[in-house]
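If you want the building blocks of each chain, they are given just below.
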Amino acid sequence: MERLWYGEASMKYPKQWIVMVNIEDEPKTNKGYGDIYLVTPDKKEAYDKAIELGNSMGRNMVIEGFDDTPQIGGLEIWSQ
């Protein structure tokens, strides 16, 4: 398992769902970190694994990897 800050983990695994265990908060910096347990493209799988783990490996959480790819084009719908 790899220990990372939340923001670092979300940038390292874009477009993925990350299950982090052994969550700890750093009160001085107001950031948190934990061990990467699972990285998957499937949101349901990530949440199912977090529920299955419960508190067996300390606090856990699921975060989504940050995707900073610019969106080109697209369709906007305006309602009146």
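Residues numbered from 1 in each chain as written. Predicted model: local features only at pLDDT ≥ 70, side-chain atom pairs only at ≥ 80, totals over all residues. Heavy atoms only, no water.

Asks: Please clarify how the pairing of strand β3 (residues 31–40) should be interpreted in this entry.
Replies: Within a regular beta strand, the side chains point alternately toward one face of the sheet and then the other, so they alternate between its two faces. Taking burial as the measure, the 10 residues of β3 include 7 buried ones, the bulk of the element. The pairing of strand β1 (residues 2–5) with β3 spans 4 bridges and is classified as antiparallel. Bridged to W5 within β3 is Y33. By the bridge criterion, 8 bridges tie strand β2 (residues 17–26) to β3 in an arrangement that is antiparallel. When the sheet's bridge partners are listed, E26 is paired in β3 with K31. Here β2 folds back onto β3 in antiparallel fashion, the turn holding 4 residues, of which N30 has a positive phi close to 60°. (Buried < 20%, exposed > 50% of the residue type's maximum accessible area, 1.4 Å probe, protein only. Helix = DSSP H or I, 4+ residues; strand = E, 2+ residues; numbered from the N terminus. Pairing = 2+ DSSP bridges.)

Asks: Before we go on, may I ask you to explain the sheet that holds β1 in this structure?
Replies: One open sheet holds the 4 strands; their spatial order is β1-β3-β2-β4, and the pairing between them is antiparallel. Of all strands in the sheet, those with a lone pairing partner are β1 and β4 (60–64), marking the two edges. Averaged over all neighbouring strand pairs, the angle between strand axes comes to 45°, with direction disregarded. (Axes fitted to C-alpha atoms, helices over the stretch in contact; angles between N-to-C directions.)

Asks: Would you take a moment to explain the packing of aromatic side chains for this structure?
Replies: Here a ring pair, both rings aromatic, is described through the centre-centre distance and the interplanar angle of the planes. Scanning the entire structure with this criterion turns up 2 aromatic pairs. On the numbers, 4.9 Å between centres and 75° between planes, the contact of W5 with Y33 is edge-to-face. Separated by 28 residues along the polypeptide, W5 in strand β1 and Y33 in strand β3 bring together distant segments of the chain. Judged by relative accessible area, which is 32%, W5 ranks as partly exposed. Owing to a relative accessible area of 18%, Y33 belongs among the buried residues under this scheme. (Phe/Tyr/Trp six-rings, centres within 6.5 Å; stacked < 30°, edge-to-face > 60°.)

None of this, on its own, says anything about what the molecule does.
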